[in-house]
Amino acid sequence: MKFKNKSKITLNLKEPYENGLRWKIGINTVPCISVRKGKRCVYCGFINWEKPIEPQKVGGYFLDFFEKNYTKSISRVEVYSSGSFFDDCEVSANSRQEIVKTLNRDSIKEIVLETRPEFINSKNIKDLTKYIDPKKLFIAVGLETMSDEIRRKTAKGFTKKRFIKAIDVLQKEGVGFQAYLLLKPPVDMSEYESIVDLAKSVKDLVCLMKNKPSSLVVAVQPFFVAENSFIAKIPYFRNEFKPIWLYSIAKSIEILDKIRKEQKYDFKIILGNYKDNVETISVPSNYDESGKICTCSNKIRNYLNDINRHQKNVRIITDAVLAFKCDCKKSWIKEVGSKLQVKGF
Ligand code: SF4
Ligand SMILES: [Zn+2]
């Protein structure tokens, strides 16, 4: 296959985050259970890596890599296997413990471990909280939306009911939860409808999490077309599809910030990008009248990148983006902004 690669560490990215650095680490494990069953999510562009690490050896590789690359400015570490950190076929129980022990450093305040919800159970979590403060642990799930109907169209392969069962476990064990939510997924829905769905999903999540032991992180992932994904084979998504406007991303973050104030529930908002482990075909942008990518896009992307630095500055950044003066703004207002205003957003 075109994108095969033999590296053991598939992602090694350090980005500014709050007062330190956020370190994203990808490990070449056995592929995701959905890929193994031939049922990959429609947008999944994860590269097919050759020679994955055996599940029992993942912990050892991680330790070696960590020791060579760790610096004291790292405050958050995100660990990505090829699908699910808690899937024994990817990372064995011993390897999981070794990784968490390795990450138990004073500078590291947040540890994010990504998994599908079916692998979350009390034993798996307890195995780790023996070695680390549960408050430092965040279990991340690619929930995408709280709507089963929309998620089904992405071939994600789990339901809200299954997800809520996993949340109950996290609440019982007192570990945090990070929800990845997709903005403008490649399903039959408009940009406006997708922003409304994001707001609704976050309100539902707040109801589920508020006044409970686990904290919530909302990780917004603006959808982009990835090479090697199922939808990249469809000519419309390859050639015509316009990923979400950057103004819409700013507006969505502003809406989420309003929700956390209205609900008096201080969840964290993180904005995802498209630099992780995949090759891209098209990414969120602003567009001129003729539909071509507007020249302001790079500048606005740089503004948006700052959102993960300081939660308190989120509104300063979204206000700056939404007040940005460029001709393309008129097209955005016509296409999306005016509908959001009617909705009261
Ligand atoms: S998006 Fe995640 S869950 Fe879906 S196939 Fe890819 S790795 Fe698996
Ligand atoms: Zn512009």
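In every chain, residue numbers begin from 1 and rise along the written sequence. For this description, chains carry letters from A and ligands carry numbers from 1, given in the order in which they are written. In view of the model being predicted, local features appear only for residues whose pLDDT reaches at least 70, and side-chain atom pairs are presented and counted only at 80 or more, with totals across whole chains, interfaces and linings using the full set of residues.

- Under an unreviewed UniProt entry, the name given to the protein chain is Elp3/MiaA/NifB-like radical SAM core domain-containing protein, and the source organism is Candidatus Falkowbacteria bacterium RIFOXYC2_FULL_36_12.

## Description of the overall build of the protein chain
(1) Moving on: Counting from the N terminus, the helices are DSSP H or I runs at least four residues long and the strands are E runs at least two residues long. The helix and strand inventory of the protein chain stands at twelve helices and ten strands.
(2) Moving on: Based on C-alpha atoms, the radius of gyration is set beside the globule rule, defined as 2.2 Å times the residue count to the power 0.38. In terms of overall dimensions, the protein chain is globule-like: its C-alpha atoms have a radius of gyration of 20 Å, near the 20 Å expected for 345 residues.
(3) Moving on: By its C-alpha atoms, the protein chain is 55 × 50 × 40 Å across when sized along the principal axes.
(4) Moving on: Residues with at least 20 other C-beta atoms within 10 Å of their own are called buried, those with 12 or fewer are called exposed, and the rest are partly exposed. The C-beta atoms themselves are positioned from the backbone. Classification of the 345 residues of the protein chain by burial places 43% in the buried group.
(5) Moving on: Residues are scored as being in contact if the C-beta atoms we place from backbone atoms lie within 7 Å. By sequence separation, contacts in the protein chain at least 24 residues apart represent 81% of the contacts at least 6 residues apart.

## Observations regarding the environment of K275
(1) Moving on: Checked against the element boundaries, K275 lands in the loop between β9 (268-271) and β10 (280-282).
(2) Moving on: Considered as a pair, K275 and K101 are 174 residues apart in the sequence and their alpha carbons are 28 Å apart.

## Re the sheet that holds strand β2 (residues 20-27)
(1) Moving on: Taken together, the eight strands give an open sheet; going across it, the order is β1-β2-β3-β4-β5-β6-β7-β9, and neighbouring strands pair in mixed fashion. Of all the strands in the sheet, the pair left with one neighbour each is β1 (9-17) and β9. Strand-to-strand, the axes of this sheet are offset by a mean angle of 20°, without reference to chain direction.
(2) Moving on: Here an axis means a line fitted to C-alpha atoms, over the contact stretch when the element is a helix, while the angle between two N-to-C directions is reported on a 0 to 180 degree scale. On the sheet, helix α6 (residues 160-173) packs against β5 (137-144) and β6 (176-183) and is oriented at approximately 170° with respect to β5. In this analysis, strands are considered paired if DSSP registers two or more bridges between them.

## So, the site of ligand 1
(1) Moving on: For each residue, a C-beta atom is placed from the backbone, and the residue is labelled near a molecule or strand when this atom is within 6 Å of it. Neighbouring residues of ligand 1: C32, S34, V35, R40, C41, C44, F46, G83, R116 and G142.
(2) Moving on: In this count, Pro and Cys sit with the nonpolar residues alongside Ala, Val, Leu, Ile, Met, Phe, Trp and Tyr, while Asp, Glu, Lys and Arg are called charged and the others, Gly among them, polar. Among the residues forming the shell around ligand 1, the class breakdown is five nonpolar, three polar and two charged.

## Observations regarding the nonpolar core
Most often, soluble globular proteins keep nonpolar side chains buried together rather than apart.
(1) Moving on: Each nonpolar core reported here comprises buried Ala, Val, Leu, Ile, Met, Phe, Trp, Tyr and Cys residues connected via C-beta atoms within 7 Å. Ranked by size, the top nonpolar core spans 84 residues in total, and within it I139, V218, I253 and L304 carry the most contacts.
(2) Moving on: In this structure, I139 is in contact with L113, T115, I120, L170, V175 and F177, ignoring residues within four places of it in sequence.

## Some words on helix α4 (residues 122-129)
(1) Moving on: For α4, the full list of buried residues reads N124, I125 and L128. One face of α4 carries all of its buried residues, which in axial projection span an arc of 95°. Among the exposed residues of α4, those pointing more than 90 degrees away from its buried face are S122 and K123.
(2) Moving on: The elements touched by buried residues of α4 are α3 (93-103), β5 and α6. Directions drawn from the helix axis to the C-beta atoms are what define this arc.

## Let's talk about the packing of helix α7 (residues 191-209) against helix α12 (residues 328-342)
(1) Moving on: At a minimum axis separation of 9 Å, α7 and α12 run at an interaxial angle of 40°. Taken together, the axes of α7 and α12 are oblique relative to one another. The two elements α7 and α12 meet at a crossing, and its hand is right-handed. The residues of α12 that touch α7, namely those facing E191, Y192 and I195, are V336, K339 and L340.
(2) Moving on: Broken down by class, the residue content of the contact of α7 with α12 amounts to four nonpolar, no polar and two charged. Here the angle decides the label: under 35 degrees means roughly parallel, over 145 means roughly antiparallel, 65 to 115 means roughly perpendicular, and every other value means oblique. In this scheme, a crossing is called left-handed if the near helix is turned counterclockwise away from the far one by less than a right angle; it is called right-handed if the turn is clockwise.

## What to know about the packing of α4 against α6
(1) Moving on: With their axes 10 Å apart at the nearest point, α4 and α6 run at an angle of 30° to one another. Overall, the two elements α4 and α6 adopt an arrangement that is roughly parallel. Between α4 and α6 lies a crossing whose hand is right-handed. For the pair α4 and α6, the contacting residues are S122, I125, K126 and T129 in the first and V169, K172 and E173 in the second.

## Let's talk about the environment of C296
(1) Moving on: With respect to the helices and strands, C296 occurs in the loop between β10 and α10 (297-305).
(2) Moving on: Put simply, C296 and F324 are 28 residues apart on the chain and 9.3 Å apart in space, counted from C-alpha to C-alpha.
(3) Moving on: Beyond its immediate stretch of four places on either side in the chain, C296 contacts N286, F324, C326 and C328.

## Section: unusual backbone geometry
(1) Moving on: Even without glycine at this site, E144 takes up a positive phi of about 70°.
(2) Moving on: Mapped onto the elements, E144 comes out in strand β5.
(3) Moving on: For E144, a count of 25 C-beta atoms within 10 Å corresponds to the buried category.
(4) Moving on: Positive phi, normally seen in glycine, also occurs at K184, with a value near 55°.
(5) Moving on: Mapped onto the fold, K184 is located in the loop between β6 and α7.

## Things to note about the pairing of strand β7 (residues 216-222)
(1) Moving on: Counting buried residues in β7 gives five out of seven residues, a clear majority hidden from the surface.
(2) Moving on: Two elements, β6 and β7, share seven bridges in a ladder whose sense is parallel. Its bridge partner lying in β7, Q178 is registered against V217.
(3) Moving on: Chirality of the crossover, the property in question, places the unit of β6, α7 and β7 among those that are right-handed.
(4) Moving on: When β7 meets β9, the two strands line up parallel, connected through four bridges. Paired with V220 across the bridge in β9 is L271. The handedness of a crossover follows from its direction of travel: if, with the strands pointing away from the viewer, the path from the first strand over the helix to the second runs clockwise, the crossover is right-handed.

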